[in-house]
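# Report on the structure
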Amino acid sequence: CWRRRRLLPWYAMEPHVLRISGANAYVQLVCWVFIRSLLPYAAAHAMGSNSSTAAAHEAHESGAAGELQGYAVEASMLAVFVGALASAFLPNRALRLGPTYCAMLLPLTLLTAMALGWPLGSQAAAATLLLVAVVIARATDGLVSPLLYRVAGDPYPETERQAVTQWVGIVAILTAAAGSGGALCL
């Protein structure tokens, strides 16, 4: 009777599910919220703008900054595909959460620095850094997201695996939604 009144499923607070849900939420938050919201400003700064205002963003959108952003988006699509393809050939035990966090922190740090206008070298170097940061983040997303969903239900009985995997997805969606609201406020 008490279990019916609980808001969270019984596995929501299991250490394994918390680790996988946290890692998945972090990857999705970085890729789908922060990179997408920082990319226009980082591209504008990489191509020479010193302002992160909307007017500077619009002025550069049609020029070199827009072209750089387009290249970054196209490269990210290819990177996520290559990462997902590689993931199909990896066993579940290949997933490592520590390197996953680090692989997502580097692009987030670089894009944040670029969006804030911190000098990161010449225009060509900044553009290259932006492309590398986006490719690393999306390749990591493509590589680890399938592994995270496959690993989520591993320690549980077959009848519970789908529910655990869905819970991991729900946590990621709610985190990305909250992150979008936070990014909008910033």
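Sequence order as written defines the numbering, with residues in each chain counted from 1. Residues qualify for local features only when their pLDDT is at least 70, as the model is predicted, and side-chain atom pairs are given and counted only at 80 or more; totals for whole chains, interfaces and linings, by contrast, use all residues. The side-chain values count all of the structure's non-hydrogen atoms but skip hydrogen atoms and water molecules.

### Points about helix H2 (residues 15-46)
- Maximum bend of H2: about 40°, positioned at Ile-35.
- Only protein chains enter the calculation, and the probe is 1.4 Å; a residue is then buried if its accessible area is under 20% of its type maximum, exposed if over 50%, and partly exposed in between. For helices the rule is a DSSP run of H or I covering at least 4 residues; for strands it is a run of E covering at least 2, with both sets numbered from the N terminus onward. Extensive coverage of H2 is indicated by the burial of 23 of its 32 residues. What the bend at a residue measures is the angle between two axes, fitted to the seven residues ending there and to the seven starting there.

### Comments concerning the confidence of the model for the protein chain
- Per-residue confidence for the protein chain gives a mean pLDDT of 88; residues scoring 70 or more make up 90%.
- A residue's pLDDT is the confidence the predictor assigns to it, expressed on a 0 to 100 scale. Summarising per-element confidence for the protein chain, the mean pLDDT is lowest in helix H3 (residues 54-61) (49) and highest in helix H4 (residues 64-87) (95).

### Considering the pattern of salt bridges
- We count a salt bridge whenever a side-chain nitrogen from Lys or Arg sits within 4 Å of a carboxyl oxygen from Asp or Glu. Evaluation of the coordinates by the stated rule reveals two salt bridges.
- Residue Arg-138 pairs with Asp-141 through a salt bridge whose shortest N-O separation is 2.9 Å. A residue pair is termed a helical-turn pair when its members lie 3 or 4 positions apart in one helix, as Arg-138 and Asp-141 do in helix H6 (residues 123-152) at three residues.
- Since its relative accessible area comes to 7%, Arg-138 is described here as buried.
- When its relative accessible area of 5% is taken as the criterion, Asp-141 is described as buried.
- The salt bridge partner of Glu-158 is Arg-161, with a shortest N-O separation of 3.3 Å. Placement of the pair is Glu-158 and Arg-161 together in helix H7 (residues 158-185), with a separation of three residues, close to one helical turn.

### Things to note about H4
- In a helix, the anticipated span is given by 1.5 Å times the number of residues less one. For H4, built from 24 residues, the straight-helix expectation of 34 Å at 1.5 Å per residue is met to within 8% by its first-to-last C-alpha distance of 34 Å.
- Listing the buried residues of H4 in full gives Ala-65, Gly-66, Leu-68, Gln-69, Ala-72, Ser-76, Ala-79, Val-80, Gly-83 and Ser-87.

### Quick notes on the packing of aromatic side chains
- Between 30 and 60 degrees the pair is tilted, below 30 it is stacked and above 60 it is edge-to-face, where a pair is any two Phe, Tyr or Trp rings, Trp via its six-membered ring, whose centres lie within 6.5 Å. As enumerated under the stated definition, the model contains three aromatic pairs in all.
- Centre to centre, the rings of Trp-10 and Tyr-11 are 5.4 Å apart; their planes meet at 80°, and the pair counts as edge-to-face.
- Consider the rings of Trp-10 and Tyr-156, whose centres lie 5.8 Å apart with planes at 75°: the pair is edge-to-face. With Trp-10 in the loop between helix H1 (2-5) and H2 and Tyr-156 in the loop between H6 and H7, this residue pair connects regions lying 146 residues apart in the sequence.
- Overall, the relative accessible area of 8% leaves Tyr-156 in the buried class.
- Feature note: the residues Trp-10, Tyr-11 and Tyr-156 constitute an aromatic cluster, connected by ring pairs.
- Residue placement shows Arg-138 over the ring face of Trp-32; its charged tip is 5.0 Å from the ring centre. Note on geometry: a ring has a charge over it if NZ (lysine) or CZ (arginine) is within 6 Å of the ring centre and within 35 degrees of the ring normal.

### Some words on the packing of H4 against H6
- Their axes nearest at 7 Å, the elements H4 and H6 cross at an angle of 30°. Relative to H6, the element H4 lies roughly parallel. Crossing geometry of H4 relative to H6 is assigned as right-handed.
- Of the residues contributing to the contact of H4 with H6, the split by class is 18 nonpolar, four polar and three charged. Between the N-to-C directions of two axes lies an angle of 0 to 180 degrees, each axis being a line fitted to C-alpha atoms and, for a helix, fitted only over the stretch in contact. Any angle that falls under 35 degrees is termed roughly parallel, while one over 145 is termed roughly antiparallel, one within 65 to 115 roughly perpendicular, and all others oblique. The handedness criterion is simple: a crossing whose near helix is rotated anticlockwise from the far helix by less than a right angle is left-handed, and one whose near helix is rotated clockwise is right-handed. Throughout, the ten residues Ala, Val, Leu, Ile, Met, Phe, Trp, Tyr, Cys and Pro are labelled nonpolar, Asp, Glu, Lys and Arg are labelled charged, and all others, Gly among them, are labelled polar.

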